[in-house]
Structure formats: structure tokens, C-alpha cells
Amino acid sequence: MMSGNSCTLGQLIDLAMEVEQKAYDFYAGLEEKFKNNEQFVSCVCGIKEDELLHYRILTEIQEALPDHRLTMPIPKEKVVPVQRVIKFLDTVDLDGMSDVDEVIDAIRTLEEVEFDVVMAFVDTEEIDFELTREYLKNESLDHNNRIYLAQQCLLD
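Here the structure is a predicted model, which is why all the values come from computation and not from measurement. (Residues numbered from 1 in each chain as written. Predicted model: local features only at pLDDT ≥ 70, side-chain atom pairs only at ≥ 80, totals over all residues. Heavy atoms only, no water.)

**Quick notes on the pattern of salt bridges**
Close approach of charged atoms lets side chains of opposite charge pair. Applying the stated rule across the entire model yields 5 salt bridges. A salt bridge links Asp-90 to Lys-22, with the nearest nitrogen and oxygen atoms 2.6 Å apart. Remark: Lys-22 occurs in helix 1 (residues 9-33) and Asp-90 occurs in helix 4 (residues 76-91); sequence separation between them is 68 residues. For Lys-22, a relative accessible area of 24% corresponds to the partly exposed category. A salt bridge links Glu-49 to Lys-48; the nearest nitrogen and oxygen atoms lie 3.9 Å apart. (Salt bridge = Lys/Arg side-chain N within 4 Å of Asp/Glu carboxyl O. Helix = DSSP H or I, 4+ residues; strand = E, 2+ residues; numbered from the N terminus. Buried < 20%, exposed > 50% of the residue type's maximum accessible area, 1.4 Å probe, protein only.)

Laid out in C-alpha cells, this is it:
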């Protein structure tokens, strides 16, 4: 997919869509693992639904871009955060998590690296990105609040 120090914008969008799908699956797995804790499931469900929204936004961006823009090269440094979150999601073991801190750390790690992925798109000139930095900051705060509430639900 990547050659040398770059990939195409279309490939970067595909990778980001993979991240959103894997993040959705991660949160769905947490919902299943903690299905008896309704409050926790409620907190995680909101974040999971945001992943679906992000996937749709990326799909709309990809469909809106002409082919010549989708084939534009993107520097490797834009791809690294996306690859990092895919690697994290591929290696996380929900079944092996029994400690509350381990679960919350996994959620926080995912949210941090996923935010880096989104910022790579915001800073990419080729994309007329509809989400402002203010929106992203607010969504990040919303997710942090949900993570805090989820942690409290697991500690109770």
C-alpha cells in the first residue's frame, strides 16, 4: 500500500476507515464483556456510535474527492499515527483484561491515537474538512467525560 515515504490520500482514507471500524468493534467488544453493567455500556455505546459517524464522514469525504485528488501522495508522517492505532487495535486483548485500570487505559490509548489520526486529516490541505478544530476539541472533551464516567461505573 505504501511505497517509500508516502501513500496516496485515498489509501490514507482507507486506513482511517479501517481504524474507525476496528474502534467500533473494540467498543462493541467492551459492551459485550461488561453487558451486565448498564451504566458502563451506556457510556461506551455513545463513543461506539461516534466511531460509526466518523466512518460515514470518511466515506463521504472519499466519495466527494475526484480521482486525481485521491491519488495525491501524502507524507509518511501522516500515515504513522493511523498505522499505530491499527497495530494497537490488532493487539488489544479484551478477553485478557480483568483489571479496571487496564480497560480504561486501553480506551484512553485508543482515543489519544485516534485523535492524532483525525488531526492528520484536519491538517491535510487536499481535504476540505468539515470538522473544525473547535468541534474536535469538544468531541475530545465529550469522550474524556464518557471515559471518566465509564471508569466510575466499573469501580462501583
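**What about the environment of Lys-33?**
Residue placement: Lys-33 occurs in helix 1. C-alpha of Lys-33 to C-alpha of Asp-95: the two residues are 62 residues apart in sequence and 7.8 Å apart in space. With residues near it in sequence (within four places) discarded, Lys-33 still touches Leu-94, Asp-95 and Met-97. Within the local environment of Lys-33, its side chain forms a polar contact with the backbone oxygen of Leu-94, the two atoms lying 3.1 Å apart. (Contact = heavy atoms within 4.5 Å. Polar contact = N/O pair within 3.5 Å; in protein donor to acceptor, adjacent residues only side chain to side chain.)

**Describing the nonpolar core**
Within the largest apolar cluster, 42 residues are counted, with the highest numbers of intra-cluster contacts made by Phe-26, Leu-30, Phe-40 and Ile-107. Every element with two or more residues in this core is listed here: helix 1, helix 2 (38-64), helix 4, helix 5 (100-122) and helix 6 (133-155). Among the elements that line this core, the one with the most residues is helix 1, at 11 residues. Not counting residues up to four positions away in its chain, the partners in contact with Leu-30 are Phe-40, Val-44, Leu-94, Val-103 and Ile-107. (Core = buried A, V, L, I, M, F, W, Y, C linked by side-chain atoms within 4.5 Å.)

**Details of the packing of aromatic side chains**
Taken as a whole, this structure holds 2 aromatic pairs when the rule is applied. Between Phe-26 and Tyr-27 the ring centres are 5.1 Å apart and the planes differ by 75 degrees, which places this aromatic pair in the edge-to-face class. An identical accessibility class is assigned to Phe-26 and Tyr-27; each is buried. For the ring pair Phe-34 and Phe-40, a centre distance of 4.9 Å and an interplane angle of 65 degrees mean the geometry is edge-to-face. This pair shows no difference in class: Phe-34 is buried, exactly as Phe-40 is. (Phe/Tyr/Trp six-rings, centres within 6.5 Å; stacked < 30°, edge-to-face > 60°.)

**Describing the confidence of the model for the chain**
Per-residue confidence for the chain gives a mean pLDDT of 80, with 81% of residues at or over 70. When mean pLDDT is compared element by element in the chain, helix 1 scores highest at 91, while helix 6 scores lowest at 73. (pLDDT = per-residue confidence, 0-100.)

**Some thoughts on the environment of His-68**
Relative to the assigned elements, His-68 resides in helix 3 (residues 67-70). C-alpha of His-68 to C-alpha of Leu-9: the two residues are 59 residues apart in sequence and 9.8 Å apart in space.

**Regarding a negative patch on the surface**
Together, Asp-93, Asp-95, Asp-99, Asp-101, Glu-102 and Asp-105 give the surface a local cluster of negative charge. Within the fold, Glu-102 resides in helix 5. (Patch = residues over 30% accessible without salt bridge, like charges linked within 9 Å, V, L, I, M, F, W, Y side chains within 5 Å. Areas by Shrake-Rupley, 256 points an atom, 1.4 Å probe, with all protein chains shown as cover. Lys, Arg positive; Asp, Glu negative; His and termini not counted. Charge placed at Lys NZ, Arg CZ, Asp CG, Glu CD.)

**What about the environment of Leu-58?**
For Leu-58, the location among the structural elements is in helix 2. By relative accessible area, Leu-58 is classed as buried at 7%. Measuring from C-alpha to C-alpha, the distance between Leu-58 and Asp-14 comes to 8.5 Å, with 44 residues separating the pair along the chain.

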